[in-house]
Amino acid sequence: MRPPRTAAPPGSRVRQPFSGPQRFLLAGSFLITLGSFAVLPYMSVLLHQRLGIGLGTVGLVLAVASLIQFAGGVVAGPVVARIGLRRAMLLALALRTAGFAAFVPGLTSPVLAVGALLLVSAGAALYLPANKAYLVEGVPEAGRPRLLSASSSAFNAGMALGPPAAAPLVLGSPGVLFACVAGLFALIGAGHALLPQGVPDRPSGGAGPTAAEARDTGERASGLSPFLVTVLSVYAFMFFQHYLALYAVPRTSAAFYGAVLTGYAALLVVAQPLLAERVAALSYPAALRWGFGAMAAGMAAIGAGGHVGIAVGGVLLCLGEIVLFLKNDLEALARSAAAPASVFGRQRLAAGIGAFASGVVGGQLYGAAEAAGSARAFWAVVCLQCLLLPSALLLRRRTARGRAEPRAEGA
């Protein structure tokens, strides 16, 4: 006879399988990003070449859309608290479906096209925090790394496959493309309507005011705010995202640059779930050292130039992204007494601030490096920033602890 099965002890590392709603949301995350990135990377081309909007206006429109998409995440918390997680996702998908559908007549109307883009951005701002909050609802802290890393892999897979999938249609038959994407979002929304109703978003701590106060005190004493670390992480990473093409294509080829991006996306999709538990086990200071250290080494490798340097740099930047981005979300959840949707909304805002600062600073730095006749100097400066940023954060942490210890002794 087989011995009776017993429940796994609390400290067991036995992995629980994903539930049906979680699997649906992960598949939906892939399809949503696939549909979005079938269109959004080509938006500047459509607005400028097809609708005749000036490049200056196109840049302003895209900047406003990005601001809504990132900063609008802070609205997710209050909306979810009022209507619940499932209804918030349904509202977000309805906005995005309406936006993509409005692009079909909007291909002949600049005003309608801009309005459609802003609708899509507003839907994205609401959906992602609600989606992540639904994923982690009721999940113990030990199970969150696998879920969040799987979610990130699904999003990144869609981002990688969307642009090449849409390339045959985006210029020749954009109306067909937008109609297909709108139909895809409508089907995904119908699937979301069958999910169990998510309750209004609860605080992530769930341990009462005393535990919440202890977390807040610990965060201040550590000097490592996940919001600030996320701003700096995205700030450093986006130099690679924004300026690699300007550097790599003239020195290698457009085909090689495309291969680097494809390999980067594939590595991110595969490696992040495999490394999730290792990243979760790192202390926050150790994660900063590993993550920013990998980014610094990657920037230095890119600056060395050549096919090998750029490829190795891409791998190192991918590892840095995996460590920092996942750890920042996990720490934000663990340290905050706020509801998960509010936490993820603030993390989106932090990412938007970092990306905006990187774009502004990076343009000036790259322009100065090219004017000096050495684009490699740009990567050297970025590498130096990746080394100095965690050093400054950890120094601030030690200073904060030093100030806190005498107070504790006096008390």
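In the annotation of an unreviewed UniProt entry, the entry for the protein chain reads MFS transporter, and the organism field reads Streptomyces pakalii. According to UniProt, the comment filed for the protein chain under the heading Subcellular location (unreviewed entry) is "Cell membrane".

Moving on, we come to the UniProt feature "transmembrane region" (unreviewed entry) in the protein chain. Under the UniProt annotation, "transmembrane region" (unreviewed entry) lies at residues 24–45, 51–76, 111–128, 176–195, 227–249, 255–275, 349–369 and 375–395. Between the first and last C-alpha atoms of residues 375–395 the distance is 31 Å; the span itself is 95% helix and 0% strand.

Moving on to the side chain of Lys327. With respect to the helices and strands, the residue Lys327 is situated in helix α13 (residues 306–335). A relative accessible area of 3% means that Lys327 is categorised as buried. For Lys327, the contacting residues outside a window of four places in its chain are Val279, Ala280, Leu282, Ser283, Tyr284 and Ala287.

Moving on, we get to the nonpolar core. By size, the foremost hydrophobic cluster in this structure holds 57 residues, and its most contacted members are Phe240, Leu244, Met299, Leu317 and Phe378. Elements supplying a minimum of two residues to this core: α10 (226–251), α11 (254–281), α12 (284–304), α13, α14 (340–371) and α15 (376–410). By residue number, the principal contributor to this core is α10, which donates 13 residues. If we skip the residues at most four places from it in the chain, Phe240 touches Tyr264, Met299, Ile302, Gly314, Leu317 and Trp379. In terms of nonpolar packing, the next biggest core, distinct from the first, is built from 49 residues, Leu51, Ala65, Val170 and Leu177 among them.

Applying the stated criterion across every chain, the model contains 13 aromatic pairs. Plain terms: the ring middles of Tyr243 and Tyr366 are 5.8 Å apart, the flat faces sit at 15 degrees to each other, and that makes the pair stacked. You can see Tyr243 sitting in helix α10 and its partner Tyr366 sitting in helix α14, a full 123 residues away along the chain. Across the pair, Tyr366 and Tyr243 agree in class, each one buried. Geometrically, the ring pair formed by Tyr366 and Phe378 is edge-to-face, given 4.9 Å between the ring centres and 70 degrees between the ring planes. Of this pair, Tyr366 sits in helix α14 while Phe378 sits in helix α15, and the two are twelve residues apart along the sequence. The pair formed by Tyr366 and Phe378 is uniform in burial state, with each residue classed as buried.

Here we take up the pattern of salt bridges. Taken as a whole and assessed by the stated rule, the structure comprises three salt bridges. As a salt-bridge pair, Lys327 and Glu331 come within 3.7 Å of each other at their nearest N and O atoms. Of the two residues, Lys327 and Glu331 both sit in helix α13, four residues apart, roughly one turn of that helix. Considered together, Lys327 and Glu331 belong to a single accessibility category, that of buried residues. Where Arg335 meets Glu331, a salt bridge forms, and the shortest distance between an N and an O atom there is 2.6 Å. Here the residue Arg335 and the residue Glu331 both occupy positions in helix α13, the gap between them amounting to four residues, near one helical turn. Judged by relative accessible area, which is 14%, Glu331 ranks as buried. A cluster of three or more residues bridged by salt bridges with shared partners is formed by Lys327, Glu331 and Arg335.

For the rest of this paragraph, the subject is the packing of helix α7 (residues 144–170) against α11. At a closest axis distance of 9 Å, the pairing of α7 and α11 adopts a crossing angle of 170 degrees. In terms of axis orientation, α7 runs roughly antiparallel to α11. Contacts between α7 and α11 pair Pro145, Arg146, Ser149, Ser152, Ser153, Asn156, Ala157 and Ala160 from the former with Ala265, Leu268, Val269, Gln272, Pro273, Ala276, Glu277 and Ala280 from the latter. Here the contact of α7 with α11 is composed, by residue class, of nine nonpolar, five polar and two charged.

Each value, and the rule that gives it
Residues numbered from 1 in each chain as written. Predicted model: local features only at pLDDT ≥ 70, side-chain atom pairs only at ≥ 80, totals over all residues. Heavy atoms only, no water. UniProt positions renumbered as here; feature names shortened; annotations may be inferred. Helix = DSSP H or I, 4+ residues; strand = E, 2+ residues; numbered from the N terminus. Buried < 20%, exposed > 50% of the residue type's maximum accessible area, 1.4 Å probe, protein only. Contact = heavy atoms within 4.5 Å. Core = buried A, V, L, I, M, F, W, Y, C linked by side-chain atoms within 4.5 Å. Phe/Tyr/Trp six-rings, centres within 6.5 Å; stacked < 30°, edge-to-face > 60°. Salt bridge = Lys/Arg side-chain N within 4 Å of Asp/Glu carboxyl O. Axes fitted to C-alpha atoms, helices over the stretch in contact; angles between N-to-C directions. Parallel < 35°, antiparallel > 145°, perpendicular 65-115°, else oblique. Nonpolar A, V, L, I, M, F, W, Y, C, P; charged D, E, K, R; others polar.

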